[in-house]
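# Observations on chain architecture
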Amino acid sequence: GFIQTTKRGRGAADMTALDAAYLLLGLYGARDTTDAAEAAATLGKVQGIVSGAASLPHELAAVRRAPDLAHTLAALIELGGRLSWDVPAYLLLLDNGASPPVTLQDGFVASFIIRRPKLACTVQVGWRSPDPNAPLERLRIGFILPEHDWMPPMVPAETETRISTRMFIGLHRVLFPSATKA
């Protein structure tokens, strides 16, 4: 399996951010529960194509240099303490057009989008530009899965699942409780 297991209760392995990333990939990438492990394995190793801002805040270095989708999601989960649930900024992050001035004061907003049946995935991270009148700065990483045989090609419609900043914040709080205590 992709999630570390030893025993239950005290002495059991702690879940890591990478374990949680594989859990997300199995949950959202699979057709059904029988395909979850294969979906996590296949999606997890897909390499990304980076686009967006040439200059990144240092906190995003691990996200940008992640070797594959699983490690990119793990880096976002680890970044969860710096993420902000700013709804207008999150909505602007999802908008591909011109962005009005951003209300986000500090931190980052993030999204993970997975499209089925072609299994094209996008990770986006946005942050406030130093220029208060400038649009949201963005890092975008696209992941396109090569041909696969575990997901049947015939489906009546294309679906899109969006995982928001709140999921990454929540996973961060669960995995790193001492880092989030006030």
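This section reports on the structure supplied with the text.

As a further point, take the overall build of the protein. Looking only at helices and strands, the protein has seven helices and five strands in total. Scanning the protein from its N terminus toward the C terminus, one meets helices and strands in the order α-α-β-α-α-α-β-β-β-β-α-α. A separation threshold of at least 6 residues defines the contact pool for the protein, and within that pool the share at least 24 residues apart is 63%.

A few words now on helix α2 (residues 36-44). Within α2 the residues assigned to the buried category are Ala39, Ala40, Thr42, Leu43 and Gly44. As for α2, its buried residues are in contact with α1 (17-29), α4 (69-78), β2 (108-116) and β3 (120-127).

Side chains that carry opposite charge are capable of pairing whenever their charged atoms lie near each other. Counting across every chain of the model gives three salt bridges. Between Glu59 and Arg82 there is a salt bridge, with its nearest N and O atoms 3.3 Å apart. Linking Glu59 in the loop between β1 (49-52) and α3 (61-64) with Arg82 in the loop between α4 and α5 (87-94), this pair joins segments that are 23 residues apart in sequence. Residue classification places Arg82 among the partly exposed positions, given a relative accessible area of 31%. For Glu160, the salt bridge is made with Arg115, and the minimal N-O distance between the two is 3.1 Å. Pair noted here: Glu160 is in strand β5 (residues 159-163) and Arg115 is in strand β2, with a separation of 45 residues, a long-range link. Within the structure, one salt-bridge network assembled from shared partners comprises Arg115, Glu160 and Arg162.

Rules used throughout
- Residues numbered from 1 in each chain as written.
- Predicted model: local features only at pLDDT ≥ 70, side-chain atom pairs only at ≥ 80, totals over all residues.
- Heavy atoms only, no water.
- Helix = DSSP H or I, 4+ residues; strand = E, 2+ residues; numbered from the N terminus.
- Contact = heavy atoms within 4.5 Å.
- Buried < 20%, exposed > 50% of the residue type's maximum accessible area, 1.4 Å probe, protein only.
- Salt bridge = Lys/Arg side-chain N within 4 Å of Asp/Glu carboxyl O.

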